[in-house]
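# Coordinates in review
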Amino acid sequence: MSTNQMVIILPSALVAMYLIISLQKYLSGRESRYPGLLIPVVCFVAATILAVRPLLVSEPGQYEGLGLFCLRMWLTFNIPTIVFMFPYFSQRRRLRAARLQQEQARKSSGEAASGAVH
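Summarised in this report is the structure supplied together with it.

Conventions and cut-offs
- Residues numbered from 1 in each chain as written.
- Predicted model: local features only at pLDDT ≥ 70, side-chain atom pairs only at ≥ 80, totals over all residues.
- Heavy atoms only, no water.
- Helix = DSSP H or I, 4+ residues; strand = E, 2+ residues; numbered from the N terminus.
- Rg over C-alpha atoms; globule rule 2.2 N^0.38 Å.
- Contact = heavy atoms within 4.5 Å.
- Areas by Shrake-Rupley, 256 points an atom, 1.4 Å probe, with all protein chains shown as cover.
- Lys, Arg positive; Asp, Glu negative; His and termini not counted.
- Charge placed at Lys NZ, Arg CZ, Asp CG, Glu CD.
- Buried < 20%, exposed > 50% of the residue type's maximum accessible area, 1.4 Å probe, protein only.
- Salt bridge = Lys/Arg side-chain N within 4 Å of Asp/Glu carboxyl O.
- Phe/Tyr/Trp six-rings, centres within 6.5 Å; stacked < 30°, edge-to-face > 60°.
- Polar contact = N/O pair within 3.5 Å; in protein donor to acceptor, adjacent residues only side chain to side chain.
- Expected span 1.5 Å × (residues − 1).
- Bend = angle between axes of the 7 residues up to and from the residue.

A count of helical and extended segments in the chain gives four helices and zero strands. Listed N to C, the secondary structure of the chain is α-α-α-α in terms of helices and strands. Against the globule reference of 13 Å for 118 residues, the chain gives a C-alpha radius of gyration of 23 Å, more extended than a compact globule. Partitioning the contacts of the chain with sequence separation of at least 6, the portion at a separation of at least 24 is 64%. Summed over all atoms, the accessible surface of the chain reaches about 9200 Å², with 68% contributed by carbon and sulfur. The chain carries 12 positive and 5 negative side-chain charges, and their two centres are separated by 9 Å.

Another aspect to go through is the environment of G110. Structurally, the position occupied by G110 is in helix α4 (residues 79-117). The class for G110 is partly exposed, based on a relative accessible area of 36%. Taking the C-alpha atoms as reference points, G110 and W74, 36 residues apart in sequence, are found 53 Å from one another.

Attention now moves to the pattern of salt bridges. The tally for this structure, following the rule as stated, stands at one salt bridge. A salt bridge links E31 to R99, with the nearest nitrogen and oxygen atoms 3.7 Å apart. Highlighted residues: E31 in the loop between α1 (3-28) and α2 (38-57) and R99 in helix α4, separated in sequence by 68 residues. Residue classification places R99 among the partly exposed positions, given a relative accessible area of 35%.

This part covers the packing of aromatic side chains. The tally for this structure, following the rule as stated, stands at two aromatic pairs. Ring geometry for F44 against W74: centres 5.8 Å apart, planes inclined by 80°, an arrangement best described as edge-to-face. Of the two residues, F44 is situated in helix α2 and W74 in helix α3 (residues 66-77); the sequence distance between them amounts to 30 residues. Since its relative accessible area comes to 39%, F44 is described here as partly exposed. Residue W74 is classed as partly exposed on the basis of its relative accessible area, which comes to 28%. Ring centres 5.4 Å apart and planes at 70° place the aromatic pair Y88 and F89 in the edge-to-face group. In this structure F89 comes out as partly exposed when scored by relative accessible area, which is 46%.

Relative to the helices and strands, S58 is located in the loop between α2 and α3. The class for S58 is buried, based on a relative accessible area of 14%. Here L55 takes part through its backbone oxygen, which lies 3.5 Å from a polar atom of the side chain of S58. Other than its neighbours up to four places away in sequence, S58 contacts Y63 and L66.

In a regular helix each residue adds 1.5 Å, so 20 residues correspond to 28 Å; α2 covers 29 Å between its end C-alpha atoms and thus fits that length. A51 marks where α2 bends most, by close to 30°; the proline P54 follows one to four residues later. Every buried residue of α2 is accounted for by I39, P40, C43, A47, A51 and P54.

Below is the structure:
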């Protein structure tokens, strides 16, 4: 790969990664938990298909050591799945903490209002 190609490809890949991770953070911050799981599930399914494919296209005599190779490929291809799960869990934790804080605020304001009435 020449230097001119790297000057174009590397920043483009970094921008694409930033946009995808930003999309993952946005989807994970939604009220429902399922939109945040969309990108990790797609990555998991793609990694599984790509890792199992050599088993499907190989000839019957070529299976020696192929299982271990496919397992290593599957583990390697699932690195993006793990990366996309970090924003999901951090956003879910933030939402849970905010919801708990709102409930505590409602409870304390309810107690103050009931104390003022009596």
